[in-house]
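Commentary on secondary and tertiary structure
As a plain string of letters, each chain reads:
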Amino acid sequence: MNFYIMTLFPEMIEQGAKNSILGRAIDNGIISLEAVNIRDYTEDKHRKVDDYPYGGGAGMLMQAQPVYDCWRAVEEKIKEKRGSKAGAKTRVIYLTPQGKTFHQEMAGELAKEEDIIFLCGHYEGIDERALEEIVTDYVSIGDYVLTGGELPALVMIDAVARLAPGVLHNEDSAGEETFYNDLLEYPQYSRPEQWHGKKVPEVLLSGNHKKIREWRLEQSEIKTQRWRPDLYEKYALRKKLMEKLVKKNKALYADMSESLGRGRGELIYGGEDGAVVWDKKADVYMLSSFDKASAEKIVDQIPERIKDGQFILHEEWLLPPMERRFPVKEKMMCQRAVYNRDVSLPRSGEIEILQLDISWLPVISAHYHLGSEGYVEERLLSGAIFGAFIEGKLAGFIGEHIEGSLGMLEVFEEYRRKGIAAELESYMINLHLSRGHLPYGDVIVGNEASMKLQRKLGLKVSKEIYCWAIVPSDAAL
Ligand code: SAM
């Protein structure tokens, strides 16, 4: 992803971004950052960019002309780079104390953009007419006034960039921290074991990962309840629904409960009659209507503005109201497979399994047909695809889908019937267990080979059939 920062102080941005994780991501070409000096675009012969505000008042104002011309140059550059892929206007974020307050969810949403332009004000701000013409989002980093937009831009870039695929190597390292689950992070300790008479909590030294996870969750809950009761209230609601879904049908609702549990699902609706969860990362709506009579009401919980996308309908009676509201173009009927135990699966040790990097894109795209090349690229950059190697050669691969299920399993023709699929899936199941997740997958109805594999590995396959309903964007026109 590429950040363009329009500023009067480019060196402030360059200095601030060149270190640590951000600096490394820039050096590795995962993100790019360009500070563009607004002053270079002034038509004033003394290179002036500010003037007095009409009507009087304190301070100076940045004039419209240099800001506008600077933006045009940046926008032109982006268009040229994108070539035929040039689509919607690039988002232009004006940092201002008057904007919407920046938060983690906004960072996640911005991390999906390919290009973002930041506009940093100075003095008393910028001539309103330039803002009206170029700005798409007004964002503040808090209720206080700073002297310029450079520090806020750096704050936002830091928060957004670390969520971009590939910046933090492990997809999960951003997945456990504060705000991800409406919970504050648990307390952490490093060496020495004893310091100022204080000992590291015993459980952390036990090596029992399950116990450690439980302790951490408990600590997070206590801390959040004490320090951020507003967040805790949201968390408690989700937890209640999760428990209900697991009790009703652990396998069928594994996608919803896992999305909520992994801190990526937003509870759109949760009641006695059903639930709607929006998985923010995958942008998938998961719907459940516990009784037939509520189906229409449940579909109505999908926000009005939603015109297309992917929907998981857990009960068959959701389909008629869904089709009345959306032009559903594709329906994929699936059964859910879940691995209910918490013991790892044995591995043969003969097949090496490694995380695949982006250089594997052509190979994986050529073999994976249920998603676009862009999807495979995003999964690779997120570190979510793993390959099985035999004598140094890739024999097959498996992945975690963007909404959290296991899938994308493929073993190349010449390597079939050697137990590689079972090895790959066992590896993924163990990986998910180590993260404290419930491993689950979608099996397309009628895929007997997959069904057999799931049963062989000890997964429970739901008898209920649910539907992935796809509404492509052009169908909405
Ligand atoms: N007169 C402006 C007002 O009252 O809204 C404040 C201008 S401020 C002194 C100068 C610049 O700093 C702004 O144009 C903006 O780019 C940046 N800035 C100041 N505080 C900020 C905040 N809390 N969040 C984001 N940007 C901020």
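Further up the page is the structure itself.
Described in the following lines is the structure provided in the data block. (Residues numbered from 1 in each chain as written. Predicted model: local features only at pLDDT ≥ 70, side-chain atom pairs only at ≥ 80, totals over all residues. Heavy atoms only, no water.)

Re the packing of aromatic side chains
As a reminder, the rule being used: Put simply, two rings from Phe, Tyr or Trp (the six-membered ring, in Trp's case) pair if the centres are within 6.5 Å, and we call them stacked under 30 degrees between planes, edge-to-face over 60, tilted for the rest. Numbered from the N terminus, helices here are DSSP runs of H or I no shorter than four residues, and strands are runs of E no shorter than two. Burial classes: relative accessible area under 20% of the type maximum marks a residue as buried, over 50% as exposed, and values in between as partly exposed (1.4 Å probe, protein chains only).
Tallied over the full model, the rule gives 11 aromatic pairs. With a centroid separation of 6.1 Å and an interplanar angle of 85°, the aromatic rings of Y94 and Y138 are classed as edge-to-face. With Y94 in strand β5 (residues 91-101) and Y138 in strand β7 (residues 137-140), this pair connects stretches of sequence that are 44 residues apart. What makes Y138 partly exposed here is its relative accessible area of 33%. Ring plane angle 70° and centroid distance 5.6 Å describe the contact between W360 and F389, whose orientation is recorded as edge-to-face. Of the two residues, W360 is situated in the loop between β15 (352-355) and α12 (361-367) and F389 in strand β16 (residues 385-390); the sequence distance between them amounts to 29 residues. W360 sits in the partly exposed class, given a relative accessible area of 24%. The rings of W278, Y285, F311 and F326 are connected pair by pair, giving a single aromatic cluster.

A closer look at the pattern of salt bridges
Short version of the rule: By salt bridge we mean one thing: a side-chain nitrogen of Lys or Arg within 4 Å of a carboxyl oxygen of Asp or Glu.
Within this structure, the stated rule accounts for 32 salt bridges. In this structure, R82 and D115 form a salt bridge, with 3.0 Å as the shortest nitrogen-oxygen distance. In this pair, R82 is assigned in helix α3 (residues 64-82) and D115 in strand β6 (residues 115-120), connecting sequence segments 33 residues apart. For the pair R82 and D115, a shared accessibility class is recorded, and that class is buried. A salt bridge links E400 to R262; the shortest N-O distance between them is 3.8 Å. Here E400, found in strand β17 (residues 393-400), pairs with R262, found in the loop between α9 (254-261) and β10 (265-271); they are 138 residues apart in sequence, far enough to count as distant. Each member of the pair E400 and R262 is classed as buried. Here the salt bridges share partners, and the residues they tie into one network are R91, E109, E113 and D137.

Things to note about a nonpolar patch on the surface
The condition is simple: Each patch is built from salt-bridge-free residues with over 30% relative accessible area, joining like charges within 9 Å and nonpolar side chains (Val, Leu, Ile, Met, Phe, Trp, Tyr) within 5 Å. Residue burial considers only the protein chains on display, and all accessible areas are found by Shrake-Rupley using a 1.4 Å probe.
Side chains of M12, Y144, L146 and L151 sit close together on the surface and give an oily, nonpolar patch of about 370 Å² of accessible area. With relative accessibility at 33%, the residue M12 sits in the partly exposed group.

Regarding the environment of V246
Within the secondary structure, V246 is located in helix α8 (residues 229-249). Along the sequence, V246 and E258 sit 12 residues apart, while their C-alpha atoms lie 9.7 Å from each other.

Comments concerning α9
Counting buried residues in α9 gives seven out of eight residues, a clear majority hidden from the surface. Looking only at α9, the buried set comprises A254, D255, M256, S257, E258, S259 and L260. Where α9 terminates, the next one or two residues include G263, which has phi positive at roughly 80°.

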